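What follows is each chain in one-letter form.
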Amino acid sequence: MDLAVTEENCPEILERLQEAEVTINKQLNHILSRHYHVESKLQNISKVLPNVVVIRAESEKFRDMINHTNDLAEKVSAKVRHLDLARSRVCECQSRVNDILDLQLCSQGVATALKNEDYEQGAAHVHRYLSMDQKLLERTAEDVSGDRTTITSSLATLQQAALELRTVVTHKFDEAVKSEDLASVERFFKIFPLLGMHSEGLKKFCLYLCSKLQETSQKNLKSALDIKNSDKRAPVIFADTITLLFEGIARIVEIHQPIIETYYGPGRLFTSITILQKECDRQIKKIIAEFMKHRNISKKVQTINDYLRKQGGEKADPKELDLLLGEITIMHARSELYIRFLRRRISSDLEISTTDTTQRKASINDFETFVNNSELARSMQELLGAYLALERYFLEESVNKAIGMDVLDQEQQTSSMVDDVFFIVKKCVRRAISSWSIDGVCAVVNMACGNLEGEFTSRLRNRLRQGYPAGYLDLAQAYNALQTSFQHGRLQTSDTEQGRLMFLAYLNNTDVSIEYVETLGKSLNMEINQAFSNMQDKERGKVDSCLAGLKSVTHSLRAVIDYGLQQLRASAVKPRVTPWVDVFLSINHHINEDELLRYETDEPFVQTLIQHLEGLLHGFKDILTASNYDALIGILTAEVTARLEKVVLKCTFNRAGGLILDKEIRSLASYLASATSWSVRDKFARLMQIATILSVEKVEELADYCGADAIAWRLTPQEVRKIAGLRIDLKSEDIKRLKL
């Protein structure tokens, strides 16, 4: 807002005017600085201006040409529309004329065909009539006054002929079915769709096929019931009967699917299979009922349940169930194979009949729902339930029997129960895989895991819990004595010897079982993937969860083997190692130069100790598995080093005695390292460091070995001072002043 001019604010107004003047001058200078640039642009524009005039004139000409072309196009388009309308009317007229001509020909031809019983030709005329637009024909009859009576008469004739043909074809088809004239059945089946009777024709034909299927199935079932027990197919005769039923349906589908698609069009296979499957359900129900009755399934399951509930009663023989379980798995596998066949056929038919993915998925879901609710699915589920009850009993009783019949062969490191038990487990699981039932496989795998982790592992642990019996002073003596007895053809071992060998055999059993479980897990995973290559994520997760149970079995077995090794340590290792190592206490470790030279060539203590250890290990080497033998050496090493460390701390040394100790420890470590594939260096670390302390020349050297910069030093500063104090030739004052 402008200020009012007064005497007081004149200076302020002047100052503002001066600032405005400066701003305007800057703007003018900026505009003037662009003067030459603007002039050059104007000169360029003046040069281009004549061309712009020419372009404008050409543009106006082009615009006039486009307008003219547009007018011509509109005129041509109008003529084309008129021509197209005329053409469509001509085509409609031709179609109506052709329909009228065909109508008259069909009217005449159908009468002749009926008279001559040429039903195919008559049906072809009716099919042509049915493909015409009925309303258009009626309109044509009204438009053509001269031929109205003829057209109406032809329509009436064809309508009557269609009704008559439908009645005749239906009757002829029924007669062909009664007389079992397959050629006539197929002949009239092909006529139904020409008469617009797709659903009725398909239903009648499928019912005819069902009657033949029923007849064949009943014949096969009767043959199965009449078969003698001595026949080699008797144990699987019901599986054969079901297989023949499924093969019969599959053969019907393969033979007649092309005929249905040709005459009835694609997309009708599902309807046909639905009718056939209902008959299949009826026959399956009869076969399963006879199977349950003939094989006494209910009685066997009840007997087993009573026995397992400790209600007494008869005990079933697992051997008698073996063939029965095999037959059930075959029946279930054939059922799965049959359903997979139907699923493939329907999917193929849907791909041809429709391109709508949503509709196709809906139809497949309808099929899955139909199958899941069928009598076949219910019967197979009932069979699977009986199978799992029988398989559980077979597995448990067979494993218990294998454990109860356990024997030890002198030429084997393990007893018979390991191979027998795992043979049974693999047999049961692989039998479940052959049933093609994911639920069945998972259930049997869980049974196997429970049995291995329960009864089998308990048996191993209970035997090892009895401990390693005392007996001979040296295991080699006992083993040689037992081997001599076997060579004489009879077992003349004492209870102690037998108990010792059984303990070691069960220790080996546990080790081999761990290997078997790991191998079993890998092989089952591969076999399941091959058998169920199209598993869904949910099914895959279920299988993985069941196979993970084998890892739990492995953990339990590892706990058992650790327990057994500790038992062996307490009974066979520690009682022998202690007196052998305690000899070190009776040896003088204050060595002079002459004694040092003699010790370097003789080493009496360590050589004697190695001989004792070698004698101890020799008796175990051929009896234990490689893994158990290495574990025993590890236990022996730990026991020797721990005991030797204790006795060393009870002795005193001079430097020569320390040097001898260092040499003895290295010899002992070298021997034990050569006896095993495992590294024992870690177990000798503390002893070697003790020997290093006892063999130093001066106290000051200890700072280099065990100072703050020392790597992997196991001894604490307090322990270092205590060990250094065992040296009689080192001053205690120097040791106390030592900085670690």
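Quick note: structure is the one above.
As the structure is a computational prediction, the values presented were derived from the model and not from experiment.

Each value, and the rule that gives it
- Residues numbered from 1 in each chain as written.
- Predicted model: local features only at pLDDT ≥ 70, side-chain atom pairs only at ≥ 80, totals over all residues.
- Heavy atoms only, no water.
- Axes fitted to C-alpha atoms, helices over the stretch in contact; angles between N-to-C directions.
- Helix = DSSP H or I, 4+ residues; strand = E, 2+ residues; numbered from the N terminus.
- Parallel < 35°, antiparallel > 145°, perpendicular 65-115°, else oblique.
- Left-handed = near helix turned anticlockwise from the far one by under 90°.
- Contact = heavy atoms within 4.5 Å.
- 1 Å grid on protein atoms, 1.4 Å probe; cavity = no way out; pocket = protein on both sides within 12 Å on 5 of 7 lines; lining within 4 Å.
- Points joined across faces, edges and corners; volume = space filled by probe spheres on them.
- Nonpolar A, V, L, I, M, F, W, Y, C, P; charged D, E, K, R; others polar.
- Buried < 20%, exposed > 50% of the residue type's maximum accessible area, 1.4 Å probe, protein only.
- Polar contact = N/O pair within 3.5 Å; in protein donor to acceptor, adjacent residues only side chain to side chain.
- Phe/Tyr/Trp six-rings, centres within 6.5 Å; stacked < 30°, edge-to-face > 60°.
- Lys NZ or Arg CZ within 6 Å of the ring centre and 35° of its normal.

Undergrad: What is the right way to read the packing of helix H6 (residues 182–191) against helix H7 (residues 198–226) from this model?
TA: When two helices pack together, their arrangement is given by the angle between the helix axes and by the axis-to-axis distance. It is the contact of H6 with H7, at a shortest axis distance of 10 Å, that shows an interaxial angle of 160 degrees. The orientation of H6 with respect to H7, classified from their angle, is roughly antiparallel. Judged by the twist between their axes, the crossing of H6 over H7 is left-handed. For the pair H6 and H7, the contacting residues are Leu182, Val185 and Phe189 in the first and Gly201, Leu202, Phe205 and Tyr208 in the second.

Undergrad: Where do I start with empty space enclosed by the protein in this structure?
TA: Take a probe with the size of a water molecule and roll it over the atoms, and the empty space left behind shows itself. This structure, assessed with the given rule, holds three cavities of 30 Å³ or more. Residue composition of the lining of the largest cavity, grouped by class: seven nonpolar, three polar and one charged. Roughly 50 Å³ of volume is contained in the second largest cavity. Every residue along the wall of the second largest cavity is listed here: Cys206, Leu209, Ile252, Val253, His256, Gln257, Ile260, Leu269, Ser272 and Leu276. Those elements that provide at least two residues to the lining of the second largest cavity are H7, helix H8 (237–264) and helix H9 (269–294). The greatest single-element share of the lining of the second largest cavity, amounting to five residues, is contributed by H8. Residues belonging to the lining of the second largest cavity are distributed by class as follows: seven nonpolar, three polar and no charged.

Undergrad: What is the right way to read the side chain of Gln567 from this model?
TA: With respect to the helices and strands, Gln567 occurs in helix H19 (residues 549–582). Given a relative accessible area of 19%, Gln567 falls into the buried group. At 3.2 Å, the side chain of Gln567 forms a polar contact with the backbone oxygen of Leu464. With sequence-adjacent residues up to four places away left out, Gln567 is seen in contact with Leu464, Arg465, Gly467, Tyr468 and Phe503.

Undergrad: Explain the environment of Glu455 to me, please; I cannot follow it from the model alone.
TA: Considering the arrangement of structural elements, one finds Glu455 in helix H15 (residues 438–465). With 55 residues separating them in the primary sequence, Glu455 and Asn400 have C-alpha atoms 7.8 Å apart. Excluding its chain neighbours within four sequence positions, the residues that come into contact with Glu455 are Asn400 and Ile403.

Undergrad: Looking at this structure, how should I read the packing of aromatic side chains?
TA: A ring pair, where both rings are aromatic, is described by two values, the distance of the centres and the angle of the planes. Applying the stated criterion across every chain, the model contains 14 aromatic pairs. On the numbers, 5.2 Å between centres and 65 degrees between planes, the contact of Phe584 with Phe605 is edge-to-face. With a gap of 21 residues between them, Phe584 in the loop between H19 and helix H20 (593–602) and Phe605 in helix H21 (residues 604–621) connect regions that are remote in the sequence. In this structure an aromatic cluster arises from ring pairing among Phe189, Phe205, Tyr208 and Tyr264. The ring of Trp436 has Arg340 sitting right over it, with the charged end atom 4.2 Å from the ring centre. Across from the ring centre of Tyr563, 5.7 Å away, lies the NZ or CZ of Arg461, which sits over that ring.

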